[in-house]
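Residue-level listing of the chains:
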Amino acid sequence: MTNVRRYYEGGWYFFTVCTHKRQKVLTRPDILAALRSAVKETMQTHPFEIEAWVVMPDHLHCVLRIMDTNVPVRWSKIKALTSKAVPEFSAKNYSKHYKNKSRQKRQLNSLWQKGYWEHTIRNEKELHMYLLYCCYNPVKHRYVSNATEWPYSTLNRYLRNNRYPPDWAYINESWVDSNLAAYDP
């Protein structure tokens, strides 16, 4: 049986997108700017709502609400625009960094891993868990002790705009240990 992906109009999706060979480059200012620009440009032609977003050095997580069923085109466009904006990672310069003939033949860039991981969020409780996971990720990877210290996340902005519960300002290891049971499905 083939692996069939089903998309739903107005669905929430959790994504994990990694850099090629887990290069720790996503938090570089030039790549962050290119990524931000690619997301904005993609939103204009293929709208979506950002429910949560966190950029780590070698991967990113996000929860998006997408109103149509054409989900994959968004990541294809975001990845292509980001890579094109940072010349050292474009498909043209791939052979300077890597010797993989297959990736060269398919003109894959050297910034992003092929594909991404996605999960269709089925209910409000699951949505809450994935939003929390995005916020907690920098603490989980031990880049910071409190999630609000990580600058590459929607957490602080969404706390200010009251989109996230106020107690999420205290997300750290002990907070997660004592509060996660409240969100357990």
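Chains are numbered independently. Their residues run from 1 in the order of the written sequence. Restriction of local features to residues with pLDDT of at least 70 applies here, the model being predicted, together with a cutoff of 80 or more for giving and counting side-chain atom pairs; totals for whole chains, interfaces and linings are based on all residues. Here the side-chain values reflect all heavy atoms present in the structure, with hydrogen atoms and water set aside.

Chemist: So what's going on with the packing of aromatic side chains? Residues and values would help.
Modeler: The description of two aromatic rings rests on the distance between their centres and on the angle between their planes. Classification of ring pairs rests on two measures: the distance between centres of Phe, Tyr or Trp rings, Trp counted by its six-membered ring, which must be within 6.5 Å, and the angle between planes, read as stacked under 30 degrees, edge-to-face over 60 and tilted in between. Here the structure, examined in full by the defined rule, presents 12 aromatic pairs. Between Tyr 143 and Trp 150, the ring centres sit 5.2 Å apart and the planes meet at 40°, which makes this aromatic pair tilted. Only protein chains enter the accessibility calculation, which uses a 1.4 Å probe; a residue whose area is less than 20% of its type maximum is buried, one above 50% is exposed, and one in between is partly exposed. Classification of Trp 150 by relative accessible area gives buried; the value is 8%. With centroids separated by 5.3 Å and ring planes inclined at 75°, the aromatic side chains of Tyr 158 and Tyr 164 adopt a geometry described as edge-to-face.

Chemist: Let's hear about a positive patch on the surface: which residues, and what values?
Modeler: On the surface, Arg 36, Lys 40, Arg 157 and Arg 160 cluster together into a patch of positive charge. Numbered from the N terminus, helices here are DSSP runs of H or I no shorter than four residues, and strands are runs of E no shorter than two. Looking at the positive patch, the elements with two or more residues in it are helix H1 (29-45) and helix H6 (155-160). Mapped onto the secondary structure, Arg 160 falls in helix H6. To count toward a patch, a residue needs a relative accessible area over 30% and no salt bridge; like charges are then connected within 9 Å, while nonpolar side chains (Val, Leu, Ile, Met, Phe, Trp, Tyr) are connected within 5 Å. The Shrake-Rupley method, run with a 1.4 Å probe, gives the accessible areas here. Residue values count only the displayed protein chains as cover. Definition used for salt bridges: Asp or Glu carboxyl oxygen within 4 Å of a side-chain nitrogen of Lys or Arg. Charged residues are defined here as Lys and Arg on the positive side and Asp and Glu on the negative side; His and the ends of the chain fall outside this count. All charge positions are set by atom: Lys at NZ, Arg at CZ, Asp at CG, Glu at CD.

Chemist: Requested: an account of the pattern of salt bridges, with residues and values cited.
Modeler: Counted under the stated rule, the structure contains 8 salt bridges. Among the ionic pairs, Arg 122 bridges to Glu 126, the shortest N-O distance being 2.7 Å. Residue classification places Arg 122 among the exposed positions, given a relative accessible area of 63%. The salt bridge partner of Arg 142 is Glu 173, with a shortest N-O separation of 2.4 Å. Linking Arg 142 in the loop between helix H5 (124-140) and H6 with Glu 173 in helix H7 (residues 173-179), this pair joins segments that are 31 residues apart in sequence.

Chemist: Lay out the state of the cysteines with the relevant residues and their values.
Modeler: Defined by distance alone, a disulfide is two cysteine sulfur atoms within 2.5 Å. One pass over the full model with this rule turns up 0 disulfides. There is no disulfide at Cys 134, and the cysteine sulfur nearest it, in Cys 135, is 6.7 Å away.

Chemist: Go over the nonpolar core, please, and point to the residues and values.
Modeler: In this description, a nonpolar core means a group of buried Ala, Val, Leu, Ile, Met, Phe, Trp, Tyr and Cys residues linked to one another through side-chain atoms lying within 4.5 Å. The biggest cluster of nonpolar side chains holds 54 residues, and the ones touching the most others in it are Trp 53, Trp 75 and Trp 168. Elements with a minimum of two residues in this core: strand S1 (11-18), H1, strand S2 (49-55), strand S3 (59-66), helix H2 (72-85), H5, H6 and H7. Here this core takes 8 residues from H5, the largest share from any one element.

Chemist: Account for the pairing of S3, with residues named and values stated.
Modeler: The element S3 is largely enclosed, with a buried count of 7 among its 8 residues. In terms of strand pairing, S1 meets S3 through 8 bridges, oriented antiparallel. Bridged to Phe 15 within S3 is Cys 62. Bridge analysis of S2 against S3 gives 6 bridges, and the strand direction is antiparallel. When the sheet's bridge partners are listed, Val 55 is paired in S3 with Leu 60. Each pair of strands is called paired provided DSSP finds at least two bridges between the two strands. The loop that links S2 with its antiparallel partner S3 comprises 3 residues.

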